[in-house]
Amino acid sequence: MANPPLAAAIPRIRAPITHVIFDMDGLLLDTEPFYTVVQEKILARFGKTFDWSLKAKMMGRKAIESARIFVQECGLEGVLTPEGFLEEREAMLQDLFPTCQILPGVKRLVNHLHTSKIPMCVATGSHKRHFALKTQNHGELFAMMHHVVMGDDPEVKNGKPSPDIFLAAAKRFEGTVEPSKILVFEDAPTGVAAAKNAGMSVVMVPDARLDLSLQDEADQVLSSLLDFNPAEWGFPPFASSEE
Ligand SMILES: O=P(O)(O)OC[C@H](O)CO
Ligand SMILES: [Mg+2]
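As the structure is a computational prediction, the values presented were derived from the model and not from experiment. (Residues numbered from 1 in each chain as written. Chains lettered and ligands numbered in written order. Predicted model: local features only at pLDDT ≥ 70, side-chain atom pairs only at ≥ 80, totals over all residues. Heavy atoms only, no water.)

Concerning helix 6 (residues 106-115)
Turning to helix 6, its buried residues are V106, R108, L109, V110, H112 and L113. Residues of helix 6 that are buried in the fold lie against strand 1 (19-22), strand 2 (120-124), helix 8 (139-142) and strand 4 (182-186). One or two residues past the end of helix 6 sits K117, with phi positive at roughly 60°. (Buried < 20%, exposed > 50% of the residue type's maximum accessible area, 1.4 Å probe, protein only. Helix = DSSP H or I, 4+ residues; strand = E, 2+ residues; numbered from the N terminus. Contact = heavy atoms within 4.5 Å.)

Structure (structure tokens):
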């Protein structure tokens, strides 16, 4: 049998990546189902059902921005204000957030990139108070991040899909880092759009219930971070002991 062509034998490196930005909710931590459950409960009170097309529009955004979408899309103007919605969901979320878990594949990847000295940070639409509740049991993971940018940061004028949060996150690495050298990991369509608007490459790890058309902008789509191959992006490969 003839040898395979060389191009097929050597994996093509997708982009010259030097830095990594992680989304948090739904990517590092399994907090998205909490938002879904709470929003389903609130809508049920009005005899309505929460669906994944609405979820797709809300996820990844700053709290007040997603609250406005919720009220508008559900036709609740005059019945529930965005502020009232946030207040109603707050008590439920405060109890749930501290119970969140790290998603599959996260520890192996973050440990690997940390050992490989790839600078990493987090860019989350979550505000400071919720970030503290979600990460209170996961200090070791977040200690490997060079910095964290949150939705209520003064430099983040507009939430995802605006590029603000990713551009602010890029600026806080040491030295000047070109957006084209940054790889973002995201679960939300708004987050993927934000990263592309910032000129970065994106690996999307979407919930399987999201409409497939919402994955079009991502450079790579994975069903789990367990499927991420560092070598494809020019990072050192996982050692067999890390599998
Ligand atoms: O996905 P994140 O980390 O940007 O968080 C956004 C909201 O808090 C939840 O959708
Ligand atoms: Mg997310």
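So, the pairing of strand 2
Extensive coverage of strand 2 is indicated by the burial of five of its five residues. Burial along strand 2 is two-sided: the face carrying M120, V122 and T124 and the face carrying C121 and A123 are both buried. Direction of pairing for strand 1 relative to strand 2: parallel, over a ladder of three bridges. Bridge pairing links V20 to M120 in strand 2. (Pairing = 2+ DSSP bridges.)

Some points on empty space enclosed by the protein
For the structure on display, the rule yields one cavity of 30 Å³ or more. Of the pockets and cavities examined, the largest cavity occupies roughly 230 Å³. Together, 21 residues line the largest cavity, and E32, Y35, M58, G60 and R61 are the ones closest to its centre. Those elements that provide at least two residues to the lining of the largest cavity are helix 2 (32-44), helix 3 (52-58) and helix 4 (63-73). Here the lining of the largest cavity takes three residues from helix 2, the largest share from any one element. Taken together, the residues that form the lining of the largest cavity break down as four nonpolar, eight polar and nine charged. (1 Å grid on protein atoms, 1.4 Å probe; cavity = no way out; pocket = protein on both sides within 12 Å on 5 of 7 lines; lining within 4 Å. Points joined across faces, edges and corners; volume = space filled by probe spheres on them. Nonpolar A, V, L, I, M, F, W, Y, C, P; charged D, E, K, R; others polar.)

A look at the site of ligand 1
Residues in close proximity to ligand 1 total 13 residues, the closest being D23, D25, E32, T124 and G125. In this structure, D23 approaches ligand 1 through a side-chain N or O atom, which is 2.8 Å from an oxygen atom. G60 is positioned such that a nitrogen or oxygen atom in its backbone is 2.9 Å from an oxygen atom of ligand 1. Calculation on ligand 1 without its partners gives an accessible area of 300 Å², and the protein chains cover 95% of this total. Judged by the fraction of its atoms near the pocket grid, ligand 1 is located in the largest cavity. Tallied by class, residues from the shell around ligand 1 come to three nonpolar, four polar and six charged. (Near = heavy atom within 4 Å. Polar contact = N/O pair within 3.5 Å; in protein donor to acceptor, adjacent residues only side chain to side chain. Areas by Shrake-Rupley, 256 points an atom, 1.4 Å probe, with all protein chains shown as cover. Sits in = over half its atoms within 2 Å of the grid points.)

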